[in-house]
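Report on the structure
What follows is the residue order along each chain.
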Amino acid sequence: MQLYFSPLTCSLAVRIALYEAGQEAAFIEVDSLTKETRDGVPYTTVNPLGLVPTLRTDEGEWLTENAAVLQYIARRFPAARLAPTDARGLESLQQWLSFVGAELHRGLYSWFLDRQAPDAVKAYALQKGRSRLQFVERHLAGREHLLDQFSVADAYLVTVLGWSVVTPVALGEWPALSAYVERVQARPSVARARAAEIPLYLQARARHGEPDLSFLAKG
Ligand SMILES: N[C@@H](CCC(=O)N[C@@H](CS)C(=O)NCC(=O)O)C(=O)O
């Protein structure tokens with residue numbers, strides 16, 4: 001398998017899922033600014049939209065869209081129990097993958113990671129995002145995970161909420177979300193995935209002359 005990723009972006013969720021499943025893959029880094037792999041291949045030849053993640057399976061299929069890639073990994077490695085197997089559980093998984101992808105990733109956080117987003121859009125997203133954060137806050141109060149046990153939806157949610165530290169989303173306002181992030185980031189697969197990508201993220205920022213965020217390396 002080959003995973004095209006950019007450090008600490010949503011493709012981190014796929015790395016987490018692979019580590020959970022005990023699978024190795026070739027991790028091919030895409031520079032999010034130049035849209036080239038680190039050895040200079042234009043990434044749009046792999047994914048015309050230039051978006052990560054893209055997964056090339058061992059069977060030679062190309063998969064895009066985080067929710068689809070995550071569900072592929074869950075299905076391909078059932079022993080890792082990264083997804084429910086019953087119909088109701090699968091519906092809940094789909095619900096949370098959609099919610100994280102649309103309401104949190106795209107609807108809220110992505111505007112703060114987009115260098116060209118107008119300030120008015122960011123302010124609107126921040127205000128509108130509050131109801132979405134409140135919704136997950138209520139769901140997670142008294143629960144360990146989005147579903148009954150860790151699933152690929154958690155791999156996605158912990159990745160997205162992890163962006164709070166570099167955005168104006170003040171996660172401290174949401175105690176259940178803050179506790180969730182701390183707990184899930186301590187999970188071995190998540191800690192290992194972050195430890196692999198934080199140095200790459202810091203290197204990419206330094207390459208592009210962006211402000212130093214080395215506090216991230218301290219965990
Ligand atoms: N709908 C896509 C969105 C993926 C996405 O937004 N990827 C971001 C990183 S988190 C990206 O590659 N951004 C680069 C860009 O927008 O050019 C998915 O769910 O996989």
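Just above, that's the structure.
Residues numbered from 1 in each chain as written. Predicted model: local features only at pLDDT ≥ 70, side-chain atom pairs only at ≥ 80, totals over all residues. Heavy atoms only, no water.

On to the pairing of strand β1 (residues 2-5), then. Note on strand geometry: in a regular strand, side chains alternate between the two faces of the sheet. Both β1 and strand β2 (residues 26-29) contribute to a ladder of four bridges, which runs parallel. Considered in β2, the bridge of Gln2 is made with Ala26. Between β1 and its parallel partner β2, the chain crosses via helix α1 (residues 12-20), and the hand of that crossover is right-handed. Pairing of β1 with strand β3 (residues 54-56), which is carried by three bridges, proceeds in the antiparallel orientation. By the bridge assignment for β3, Gln2 is matched with Arg56. (Pairing = 2+ DSSP bridges. Helix = DSSP H or I, 4+ residues; strand = E, 2+ residues; numbered from the N terminus. Right-handed = clockwise from strand over helix to strand, strands pointing away.)

Right, let's talk about the site of the ligand for a bit. As a structural note, the neighbourhood of the ligand is formed by Thr9, Cys10, Lys35, Gly50, Leu51, Val52, Pro53, Glu65, Asn66, His105 and Arg106. Contact between the ligand and Lys35: an oxygen atom at 2.7 Å from a side-chain N or O atom of the residue. Computed on the free molecule, the ligand has an accessible area of 510 Å², of which 73% lies beneath the protein chains in the complex. (Near = heavy atom within 4 Å. Polar contact = N/O pair within 3.5 Å; in protein donor to acceptor, adjacent residues only side chain to side chain. Areas by Shrake-Rupley, 256 points an atom, 1.4 Å probe, with all protein chains shown as cover.)

What follows is about helix α7 (residues 188-207). Taking 1.5 Å per residue, 20 residues should reach 28 Å; α7 reaches 29 Å between its end C-alpha atoms and fits that length. Of all bends in α7, the biggest is about 25°, found at Glu197, and the proline Pro199 comes one to four residues later. What α7 keeps buried is the set Ser189, Val190, Ala193, Arg194, Glu197, Ile198, Tyr201, Leu202, Ala204 and Arg205. Structurally, α7 contributes buried residues whose contacts are with β1, α1, α5 (152-161) and α6 (175-185). (Expected span 1.5 Å × (residues − 1). Bend = angle between axes of the 7 residues up to and from the residue. Buried < 20%, exposed > 50% of the residue type's maximum accessible area, 1.4 Å probe, protein only. Contact = heavy atoms within 4.5 Å.)

Bringing the pattern of salt bridges into the picture now. Using the criterion set out here, one finds 11 salt bridges in the structure. A salt bridge links Arg88 to Glu91; its shortest N-O distance comes to 3.4 Å. Of the two residues, Arg88 and Glu91 both sit in helix α3 (residues 87-113), three residues apart, roughly one turn of that helix. Overall, the relative accessible area of 51% leaves Arg88 in the exposed class. (Salt bridge = Lys/Arg side-chain N within 4 Å of Asp/Glu carboxyl O.)

A few words on the packing of α3 against helix α4 (residues 119-140). Where α3 contacts α4, the axes come no closer than 8 Å and their chain directions differ by 150°. α3 and α4 meet at a crossing whose hand is left-handed. Between α3, through Trp96, Phe99, Glu103, Leu104, Gly107, Leu108, Tyr109, Trp111 and Phe112, and α4, the contact on the second element is made entirely by Val121, Lys122, Ala125, Leu126, Gly129, Arg132, Leu133, Phe135, Val136 and His139. Looking at the contact of α3 with α4 residue by residue, the classes come out as 13 nonpolar, three polar and three charged. (Axes fitted to C-alpha atoms, helices over the stretch in contact; angles between N-to-C directions. Left-handed = near helix turned anticlockwise from the far one by under 90°. Nonpolar A, V, L, I, M, F, W, Y, C, P; charged D, E, K, R; others polar.)

With respect to topology, four strands assemble into an open sheet ordered β2-β1-β3-β4, the strand pairing being mixed. A single partner strand is all that each edge strand has here, and the edge strands are β2 and β4 (62-64). Neighbouring strand axes in the sheet, compared pairwise and without regard to direction, differ in orientation by 20° on average.

If you look at the biggest cluster of nonpolar residues, it comprises 62 residues, and the most contacted ones within it are Ile73, Tyr109, Leu133, Val136, Leu157, Leu161 and Tyr180. Contributions of two or more residues to this core are made by β1, α1, α2 (66-76), α3, α4, α5, α6 and α7. If one sorts the elements of this core by residue count, α3 sits on top with nine residues. Sequence-distant contacts of Ile73, defined by excluding residues within four places in its chain, comprise Val14, Ala17, Leu18 and Leu82. Listed in part, the six residues of the second largest apolar core include Tyr4, Ile28, Val46 and Val52. (Core = buried A, V, L, I, M, F, W, Y, C linked by side-chain atoms within 4.5 Å.)

In this section: the packing of aromatic side chains. What the rule picks out here adds up to eight aromatic pairs. Ring geometry for Trp96 versus Phe99: centroids 5.5 Å apart, planes at 80°, classification edge-to-face. Of this pair, Trp96 and Phe99 both sit in helix α3, separated by three residues, roughly a single helical turn. Judged by relative accessible area, Trp96 falls into the buried class, the value being 3%. Its relative accessible area of 13% is what places Phe99 among the buried residues. Aromatic side chains Tyr109 and Trp163 sit 6.2 Å apart centroid to centroid with 70° between the ring planes, which places their arrangement in the edge-to-face category. Note that Tyr109 is positioned in helix α3 and Trp163 in the loop between α5 and α6, a separation of 54 residues in sequence. For the residue pair Tyr109 and Trp163, the accessibility class agrees, reading buried in each case. Clustering of aromatic rings is evident, with ring pairs tying together Tyr4, Tyr43 and Trp62. Between Arg187 and the ring centre of Phe150, over which it is positioned, the NZ or CZ distance is 3.9 Å. For the cation-ring pair, Arg192 lies above Tyr19, with the distance from its terminal atom to the ring centre recorded as 3.6 Å. (Phe/Tyr/Trp six-rings, centres within 6.5 Å; stacked < 30°, edge-to-face > 60°. Lys NZ or Arg CZ within 6 Å of the ring centre and 35° of its normal.)

These results come straight from atomic positions and should not be treated as a statement about function.
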